[in-house]
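Fold and contact review
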Amino acid sequence: QVQLVESGGGLVQAGGSLRLSCAASGRTLSTYAMGWFRQAPGKEREFVAAMPRTGGQTFYADSVKGRFTISRDNAKNTVYLQMNSLEPEDTAVYYCAAANTLWVSMQRHGYDYWGQGTQVTVSS
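Residues numbered from 1 in each chain as written. Predicted model: local features only at pLDDT ≥ 70, side-chain atom pairs only at ≥ 80, totals over all residues. Heavy atoms only, no water.

**Quick look at the sheet that holds strand β7 (residues 68–73)**
In sheet architecture, strand pairing relies on hydrogen bonds along the backbone and comes in two forms, parallel and antiparallel. The following threshold applies: Note on pairing: DSSP must find at least two bridges between two strands before they are called paired. A run of H or I in DSSP becomes a helix once it reaches four residues, and a run of E becomes a strand once it reaches two; helices and strands are each numbered from the N terminus. The angle between two axes is taken between their N-to-C directions and runs from 0 to 180 degrees, where each axis is a line fitted to C-alpha atoms and a helix contributes only its stretch in contact.
Here we have four strands laid out as an open sheet, ordered β1-β3-β8-β7, and antiparallel in their pairing. Each end of this open sheet is capped by a strand with a single partner; those strands are β1 (3–7) and β7. When the angles between neighbouring strand axes are averaged without regard to direction, this sheet yields 15°.

**Some words on the packing of aromatic side chains**
The test is simple: Side-chain rings of Phe, Tyr and Trp (the six-membered ring for Trp) are treated as a pair once their centres are within 6.5 Å; stacked means planes under 30 degrees apart, edge-to-face means over 60, and tilted covers the remaining angles. A simple rule labels every residue: compare its accessible area, found with a 1.4 Å probe on the protein chains alone, to the largest value its type can have, and call it buried under 20%, exposed over 50%, or partly exposed in between. A ring has a charge above it when a Lys NZ or an Arg CZ is no more than 6 Å from the ring centre and no more than 35 degrees off the ring normal.
In the structure shown here, the tally under the stated rule is five aromatic pairs. Between Tyr32 and Tyr113, the aromatic rings sit 5.9 Å apart at their centres with planes inclined by 85°, giving edge-to-face as the arrangement. You can see Tyr32 sitting in the loop between β3 (18–25) and β4 (33–39) and its partner Tyr113 sitting in strand β10 (residues 113–114), a full 81 residues away along the chain. Seen from their ring centres, Phe37 and Tyr111 are 5.3 Å apart, and the 80° between their planes marks the pair as edge-to-face. With a gap of 74 residues between them, Phe37 in strand β4 and Tyr111 in the loop between β9 (92–99) and β10 connect regions that are remote in the sequence. On the basis of relative accessible area, Phe37 is assigned to the buried category, the value being 1%. Each residue in the set Phe37, Phe47, Tyr111 and Trp114 is aromatic and connected to the rest through ring pairs, giving one cluster. Here the basic side chain of Arg45 rests over the ring of Tyr95, its NZ or CZ set 3.6 Å away from the ring centre. The lysine or arginine in question, Arg45, covers the ring of Trp114, its NZ or CZ lying 5.0 Å from the ring centre.

Structure representation (structure tokens):
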């Protein structure tokens, strides 16, 4: 079992950047496909980005493509979400998730473990 802890959220002005981190303990992240999701007030949790356990492929929601980048550092057992050109619509609680699968899922039910979330607020 893996435990996930997100950090790096905060308040930023529109057009700014943040880098979220997801640190894992208990198991090495290199054995999991990883994803980032977000949930805004009154809305469903939605897919943001994902990457498989191996290989360089990455997957993004259309709303963040070209602005966000998911990456992992296996030596640090950490996954990152670099967020650039932030917009007020990006305001949400951001969650990282791990899936004990070979494939990548863009659905919540495709993930086995979740962090507690970190708040990102983008002011206009």
